[in-house]
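Structural overview for review
What follows is the residue order along each chain.
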Amino acid sequence: VHVPAELWAESVHGKGGLSCTDCHQDLATAELPHAEKLAKVDCSPCHAEAVEVNAKSAHVTVAKLECTSCHNPHAARHKDEPVANTSHERVANLCLRCHGGHGPGPSTPAAFRDGIHGKTLQGENQGSAPTCVTCHGTHGAFKKSDPQSAVFRNKIPELCGSCHSDVAESYGKGTHGALMHKGDERAPVCTDCHSAHQNLDTRLPAWRLRAVEQCGTCHEKILATYRATYHGKITDLGFTTVATCADCHGAHEILGRDKPGNKLTGEGRVETCRKCHPTATASFAKWDPHADPESPKRSLLVYLVTTSMKGLLAFVFTFFGVHTLLWLPRSYKARKEHEAHRKASKDEEGKP
């Protein structure tokens, strides 16, 4: 192995005054030229805490990685240096060497570059963007199913809240946050709606459309009734000029009907409608955006109209179906009589 002197001199080890034998202690008494295969280097004398934490992480227990898998010992630069492969600007590229090909989908690490975090990291404000280690940690990167992990499901709101404190506060006041704090596994956390890696800009049409489907993963019945309305049909066509779930219910501080400040009760409902319909009145706001044609308790008029229409259609198809079946023998008989008459006419014309 050739170690370029200039790289070693600029490395954190070289600047720290280390020599080859400080790490490769077996070389201190070795005859030169030394053996091609050297003893494994122990980094713990200088990096005891990092080695101890890393030994429990998924990188070691699952992937069997070593320090040198991420750090080049002969050219290791301090993470504050932009040229270091562990720097804020470049660490994502380092992680994606192993985590870049885990299949398609917004939750895979490879999708990180396409999200708002990844795009910000590539722009002028890269210092404000989170990287892989911001969420997963450096040496203590545990599996997400491990309670020690920073990305363990119940810790996600707190993790995201370290940057998005105002959003985390709103989420905590809402129904979803309350359920999560009670330990209800049905409660969505940040990554359920925004995905783990491909966090799209919420101002994009693609996000608004995808958010509707995301809500429907838990609220299937409500999504079905929404799709049956004008709002739902327009968004189903790919347009975002009408109200989606978050426009009416809110994005993070989603409150129950009995909670003060709910956007869909009393005057709050009228004000919510007026965001898109400035002249909306209390009567206008009585319109049910989730009318269920199968539930007389929820929407009696819609239920009666739908049931009547179904009955009318059943009657029409039944009546004309029976009419057609009864007409077939008569039609068959008439056809036979016509054929017999035509044949008789030809025979009559052929006589002298």
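Structure shown above.
Here goes a summary of the coordinates provided. (Residues numbered from 1 in each chain as written. Predicted model: local features only at pLDDT ≥ 70, side-chain atom pairs only at ≥ 80, totals over all residues. Heavy atoms only, no water.)

Under the defined criterion, the tally for this structure stands at 14 salt bridges. Taking the shortest distance from any N to any O, the salt bridge between Glu 10 and Lys 15 comes out at 3.8 Å. Between Arg 342 and Glu 339 there is a salt bridge, and its shortest N-O distance comes to 2.7 Å. With Arg 342 and Glu 339 both in helix α18 (residues 300-350) and three residues apart, this pair spans about one turn of that helix. Since its relative accessible area comes to 35%, Glu 339 is described here as partly exposed. A cluster of three or more residues bridged by salt bridges with shared partners is formed by Lys 221, Asp 292 and Glu 294. (Salt bridge = Lys/Arg side-chain N within 4 Å of Asp/Glu carboxyl O. Helix = DSSP H or I, 4+ residues; strand = E, 2+ residues; numbered from the N terminus. Buried < 20%, exposed > 50% of the residue type's maximum accessible area, 1.4 Å probe, protein only.)

Val 151, Ile 156, Leu 159, Tyr 171, Met 180, Ala 187 and Val 189 together form the largest nonpolar core, which totals seven residues. The contacts of Met 180, once residues within four sequence positions are left out, are Asn 154, Pro 157, Tyr 171, Ala 187 and Val 189. With five residues, the next largest nonpolar core counts Ala 92, Leu 121, Ala 129 and Cys 132 among its residues. (Core = buried A, V, L, I, M, F, W, Y, C linked by side-chain atoms within 4.5 Å. Contact = heavy atoms within 4.5 Å.)

For the rest of this paragraph, the subject is the packing of helix α13 (residues 205-216) against helix α14 (residues 220-227). At a minimum axis separation of 7 Å, α13 and α14 run at an interaxial angle of 135 degrees. Between α13 and α14, the angle falls in the class oblique. Along the contact surface, α13 presents Val 212, Glu 213 and Gly 216, while α14 presents Glu 220, Leu 223, Tyr 226 and Arg 227. A class-by-class count of the residues in the contact of α13 with α14 yields three nonpolar, one polar and three charged. (Axes fitted to C-alpha atoms, helices over the stretch in contact; angles between N-to-C directions. Parallel < 35°, antiparallel > 145°, perpendicular 65-115°, else oblique. Nonpolar A, V, L, I, M, F, W, Y, C, P; charged D, E, K, R; others polar.)

Turning to the packing of aromatic side chains, a few remarks are in order. For the coordinates displayed, the defined rule picks out two aromatic pairs. Ring pairing ties together the aromatic residues Phe 315, Phe 319 and Phe 320, which thus form one cluster. (Phe/Tyr/Trp six-rings, centres within 6.5 Å; stacked < 30°, edge-to-face > 60°.)

The gaps left among the atoms become clear once a water-sized probe is rolled over them. Looking at the second largest pocket, its volume works out to about 190 Å³. Every residue along the wall of the second largest pocket is listed here: Lys 221, Ala 224, Thr 225, Ala 228, Thr 229, Ala 291, Asp 292, Pro 293, Glu 294 and Val 302. The leading source of residues in the lining of the second largest pocket is α14, at three residues. Classifying every residue of the lining of the second largest pocket gives five nonpolar, two polar and three charged. (1 Å grid on protein atoms, 1.4 Å probe; cavity = no way out; pocket = protein on both sides within 12 Å on 5 of 7 lines; lining within 4 Å. Points joined across faces, edges and corners; volume = space filled by probe spheres on them.)

Moving on, we come to the environment of Gly 14. As for its position among the elements, Gly 14 is in helix α2 (residues 12-15). A sequence separation of 39 residues divides Gly 14 from Val 53, and the C-alpha atoms of the two residues are 25 Å apart. Ignoring anything within four residues of it in the chain, the contact list for Gly 14 reads Trp 8 and Ala 9.

When you line up the elements, Glu 66 lands in the loop between α5 (58-61) and α6 (91-99). Each C-alpha atom of the pair Glu 66 and Glu 10 lies 23 Å from the other, and the pair is 56 residues apart in sequence.

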